[in-house]
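# Per-entry structural report
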Amino acid sequence: MSGIHDFIENEVKTNDVVLFLKGTPEFPQCGFSGQVVQILDYVGVDYKGINVLADADIRQGIKDYSNWPTIPQLYVKGEFIGGCDIVREMFQSGELQSHLQGLGISIKGAA
């Protein structure tokens, strides 16, 4: 299982913003993943989407990695931010946008 852990850790640490989701950013395959994709697209941040449905090891591995039971999972600069509810609350309060900007990640629409 360590190969999956290493893969996940590498993705999280080498990409500023990573979303583990069901489906792809172009075609999310669950409502919660779709909501986070919409938020990230609206904010205008570049991110890498990783489809957990394509690999059962990744799907389980990301839950073990974060100790978080659900997908989607958003990581920014190697830090686990949260799932759909947390990302949505942060977005609505403007906290997500300021958090991204505070870490030096450019976004299209400034809050």
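Our structure is the block above this text.
Only a predicted model underlies this, so the values are computations on that prediction, with no experimental measurement involved. (Residues numbered from 1 in each chain as written. Predicted model: local features only at pLDDT ≥ 70, side-chain atom pairs only at ≥ 80, totals over all residues. Heavy atoms only, no water.)

When you go through the chain residue by residue, the secondary structure sums to 5 helices and 4 strands. A principal-axis box enclosing the C-alpha atoms of the chain has dimensions of 40 × 25 × 20 Å. Across the 111 residues of the chain, 41% fall into the buried class. The long-range fraction of contacts in the chain, counting pairs at least 24 apart against all pairs at least 6 apart in sequence, stands at 61%. Roughly 5900 Å² of accessible area belongs to the chain as shown, and the carbon and sulfur atoms make up 48% of that amount. Within the chain, one finds 8 positive and 14 negative side-chain charges whose respective centroids are separated by 3 Å. (Helix = DSSP H or I, 4+ residues; strand = E, 2+ residues; numbered from the N terminus. Buried < 20%, exposed > 50% of the residue type's maximum accessible area, 1.4 Å probe, protein only. Contact = heavy atoms within 4.5 Å. Areas by Shrake-Rupley, 256 points an atom, 1.4 Å probe, with all protein chains shown as cover. Lys, Arg positive; Asp, Glu negative; His and termini not counted. Charge placed at Lys NZ, Arg CZ, Asp CG, Glu CD.)

So, about the pattern of salt bridges. Tallying each qualifying case throughout the model produces 3 salt bridges. Among the ionic pairs, glutamate 11 bridges to lysine 48, the shortest N-O distance being 2.8 Å. On the criterion of sequence distance, the pair formed by glutamate 11 in helix α1 (residues 2-14) and lysine 48 in strand β2 (residues 48-51) is long-range, its members being 37 residues apart. Residue classification places glutamate 11 among the buried residues on the basis of a relative accessible area of 8%. For lysine 48, a relative accessible area of 32% puts it in the partly exposed group. Linking aspartate 16 and lysine 77 is a salt bridge whose minimum nitrogen-to-oxygen distance equals 3.5 Å. Residue aspartate 16 is located in the loop between α1 and β1 (17-21), and its partner lysine 77 is located in the loop between β3 (73-76) and β4 (79-82); the two are separated by 61 residues in the primary sequence. For aspartate 16, a relative accessible area of 39% gives the class partly exposed. Among the residues examined, lysine 77 registers a relative accessible area of 42% and is labelled partly exposed. (Salt bridge = Lys/Arg side-chain N within 4 Å of Asp/Glu carboxyl O.)

Quick look at the packing of aromatic side chains now. Going through the model one piece at a time under the given rule, you end up with 5 aromatic pairs. Measuring from centroid to centroid gives 5.6 Å for tyrosine 42 and phenylalanine 91, while their planes differ by 85°, and the two rings are edge-to-face. Within this pair, whereas tyrosine 42 is found in helix α2 (residues 31-43), its partner phenylalanine 91 is found in helix α4 (residues 84-93), the two being separated by 49 residues in sequence. Here the aromatic residues Phe20, Tyr65, Trp68, Tyr75 and Phe80 are joined through ring pairs into a cluster of three or more. (Phe/Tyr/Trp six-rings, centres within 6.5 Å; stacked < 30°, edge-to-face > 60°.)

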